[in-house]
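Below are the chains, spelled out letter by letter.
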Amino acid sequence: MSEPCTPPILRQNARPIPMSTERKTLDQRAQMSDIERLRHSCAHIMATAILRLWPDAQFAYGPPIENGFYYDFQMQHRITPDDFEKIEAEMKKISKENQKFEWKGISREEAKAMAESGRLGGLSERPGNPSIFKLDLIDKIPEGEQISCFQNGDFIDLCAGPHVGYSGKCKHVKLTSVSASFYMGDETKASLQRVYGTAFESKEELEAHFVRLEEAKKRDHRKLGKELKLFHIDEDVGQGLILWTPNGAILRQELQNFISEELRKQGYSQVFTPHIGKLALYKTSGHFPYYKDSQFAAIVENDDLAKVIHEGCGCGEVMARLGGISAKLRQQLNDRAGKEVVSEENVLPDDQLLDGFMLKPMNCPHHIKIFDSQPRSYRELPVRLAEFGTVYRWEQSGELNGLTRVRGFTQDDAHLFCTEDQVAAEVLGCLSLVKIVLNTLGMTDYRVRVGLRDPDSSKFTGNPEQWDKAEDACRAAAATLGVPFTEEPGEAAFYGPKIDFVIKDVIGREWQLGTVQVDYVLPVRFDLSYIGSDNKSHRPVMIHRAHLGSMERLCGVLIEHFAGHFPTWLAPEQVRILTISEKVDAFADEIFAQLKAAGLRVTLNQDADKIGAKIRNAQLDKVPYMLVLGEKEAAAGGVSVRHAKRGDLGVRSIAEFLAEVTAEVRERKM
RNA sequence: GCUGUUGUAGCUCAGUGGUAGAGCACGUCCUUGGUAAGGACGAGGUCGAGGGUUCAAAUCCCUCCAACAGCUCCA
């Protein structure tokens, strides 16, 4: 969702390169750290244990990963977590046996023979059960490279290593989960079972790892979202559709106000556009029908629907007629793009085409139409159109996750239309804005990824000079940020280079939030122009940018970042007044009115609970300020201040407290 | 979408074929207190939905829905 609206064409070319081509060299493998070596050996020990229990298992890949290891395999029995205990017990035995890990260099012929007999990746020869994955892996080893295997006990595996010396080292291991995976990560290949485990050098480290996981769970935004009543997802409304409850709405609104203020300072114009648009619009932009699978189904116009029903068309037919485009549009698009971007198969005769509406999957076509709604002069540029624009995308159900991966979300989106000479300055402006926002939110653990084109590839459109200029601009802009950045050739969108902000959250997961993308293609597809100082028509350049991805994802990441303890300016409830007894009710009412008048989000707890219970509840609700009011305070006309994280701050005058807190909110202090 | 796990009160969960449970939250009452839980009583459930097995199903079986973990994906 953080890619605001990369237009389509050539999706197949944009697919990630399959894992298999990123083969590590033997030298690279030898550089494994000690802990990776240990975990790699654990994977072999786990395979050994699984073979002892289920001798038919066929193993594929078993690498160390961050925090642990896994092994992929295929066999009759389906592993469930109930089997872990059994496997772990067997692994413990193998560790006690203190098997030596022995390296053996073998010839290609030997390797193949061992795989054919089922010996490779097995405890013994397994007639009639050749090691199919190992055979495939052997074929993938380049000619001339040393083929090697490792043996521990009876288990011989095709493996470049390295390993620990003896299995006795692998004592502190725990299996963590089981899942399905695909051979070589390829959806079309065999489905395998994958068992994950983790291992450490000492028992203490292993335990600490699980404590860390527990801590992370406590900050999970889905858990906190429920506890603090920030949002709700309802089965009857639909998966991945967020209902913002009052507390969450405050959080979101405060963020939005903050971003709006910054946008105004930077010369953006805010716009509003509807949630749907005609199919024809997305056909021009090229998003439909090429991204049909990740969009909500089109909404057919009533008249058209009546007509096709009259003709007796089935749903499939209706969808096909919606998905087609006219020969004329195809011609136009191909001409504008200067190459074949729309194939003939989607062309239908005009009288068979249906029109309809789409829930917008991105905001750019709408913004483009605003730009194009009047003639533009170079004097107006850059035109910066910003919108908190809600878009809808059909994410696969297994990919949905709380607020961070949803089907309807609001981007802090903007599109800049500028001259080619202005690109560098505008990119820089976008980045500095992101930086201001992230710094204010105290999110400093982030890195920047500059996606450049792969010069050898033909998948990128546009001329090389434009590209060089845009890439230089992006690179230079990233360098001024003072945060680590990487250049990733081949990672550009096909229509222009991009800069992504990747935030690391408390659990160490990385989230792509902001993105800035230079685009030379959509201006062509929509035939945009402006009048230059030479009184001739010129093509503007577009910059797509979303600082924070989406309000949903941002809030999700922020909830975990703050563990629910928001800074006062973001806190749904900023102050809670706690009375000690009914005797001070009138005084409390008065203080409450004063704070409210000052614009603070304040509540009053006059329940019959004891003060200890009231404090406890306020702490659990993570309210930053508690004002304890009793007869002492009423007599002195002051308030006892308690801060959720700093504890009892003593008595102050109401004026003093008000001045402090309102300043804290105004300045958006952390 | 794929594999696995889970679904019982608003929340967290117990309940292995025989009359639906606990704690918290909620309501009423008593208590009027000094920095993380005062007490009593009460209300609250078609056990995710639908089908099946059984004299009998929250419990066993099937299908669907949803959540979670991982995989794949993310314009």
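Residues numbered from 1 in each chain as written. Chains lettered and ligands numbered in written order. Predicted model: local features only at pLDDT ≥ 70, side-chain atom pairs only at ≥ 80, totals over all residues. Heavy atoms only, no water.

To describe two helices that pack against each other, one gives the angle between their axes and the distance between the axes. Packing of helix α15 (residues 423-440) against helix α16 (residues 464-479) leaves a shortest axis separation of 9 Å and a crossing angle of 35°. Crossing of α15 over α16 shows right-handed handedness. On α16, the residues that touch Ala424, Val427, Leu428 and Leu431 of α15 are Ala473, Cys474, Ala477 and Ala478. The residue makeup of the contact of α15 with α16, split by class, is eight nonpolar, no polar and no charged. (Axes fitted to C-alpha atoms, helices over the stretch in contact; angles between N-to-C directions. Helix = DSSP H or I, 4+ residues; strand = E, 2+ residues; numbered from the N terminus. Left-handed = near helix turned anticlockwise from the far one by under 90°. Contact = heavy atoms within 4.5 Å. Nonpolar A, V, L, I, M, F, W, Y, C, P; charged D, E, K, R; others polar.)

What follows deals with a negative patch on the surface. A grouping of Asp34, Glu201, Glu204, Glu205 and Glu207 is seen on the molecular surface, where their side chains present a negatively charged patch. Residue contributions to the negative patch peak at three residues, all from helix α7 (residues 203-218). Mapped onto the elements, Glu204 comes out in helix α7. Owing to a relative accessible area of 55%, Glu204 belongs among the exposed residues under this scheme. (Patch = residues over 30% accessible without salt bridge, like charges linked within 9 Å, V, L, I, M, F, W, Y side chains within 5 Å. Areas by Shrake-Rupley, 256 points an atom, 1.4 Å probe, with all protein chains shown as cover. Salt bridge = Lys/Arg side-chain N within 4 Å of Asp/Glu carboxyl O. Lys, Arg positive; Asp, Glu negative; His and termini not counted. Charge placed at Lys NZ, Arg CZ, Asp CG, Glu CD. Buried < 20%, exposed > 50% of the residue type's maximum accessible area, 1.4 Å probe, protein only.)

Counting residues in each nonpolar core, the largest one holds 62 residues, and the members touching the most others are Leu255, Val427, Leu441 and Met443. Top element by residues in this core is α15. It accounts for eight residues. For Leu441, the contacting residues outside a window of four places in its chain are Leu255, Leu554, Leu558, His561, Phe562, Trp569, Leu570 and Met670. (Core = buried A, V, L, I, M, F, W, Y, C linked by side-chain atoms within 4.5 Å.)

It is worth spelling out the domain arrangement of chain A at this point. Segmenting chain A into domains produces domain 1 (32-214), domain 2 (250-267 + 361-562), domain 3 (276-357) and domain 4 (575-666). Placing a centre on the C-alpha atoms of domain 3 and another on those of domain 4 gives a separation of 61 Å. (Domains from an automatic or database assignment.)

It is worth spelling out the packing of aromatic side chains at this point. Going through the model one piece at a time under the given rule, you end up with eleven aromatic pairs. Taking 6.3 Å as the distance between ring centres and 70° as the angle between the ring planes, the aromatic pair formed by Phe59 and Phe155 counts as edge-to-face. Taken together, the residues Phe59 in strand β1 (residues 58-59) and Phe155 in strand β6 (residues 155-158) connect sequence positions 96 residues apart. As far as burial versus exposure is concerned, Phe59 and Phe155 are alike and both buried. On the basis of an interplanar angle of 55° and a centroid distance of 5.5 Å, the ring pair of Tyr70 and Tyr196 is categorised as tilted. A residue pair is termed long-range when its members are at least 10 positions apart, and Tyr70 in strand β3 (residues 68-74) and Tyr196 in strand β8 (residues 191-200) qualify at 126 residues. You can call Tyr70 buried: its relative accessible area is 9%. Aromatic ring contacts, followed pair by pair, group Phe59, Tyr71, Phe73 and Phe155 into a single cluster. (Phe/Tyr/Trp six-rings, centres within 6.5 Å; stacked < 30°, edge-to-face > 60°.)

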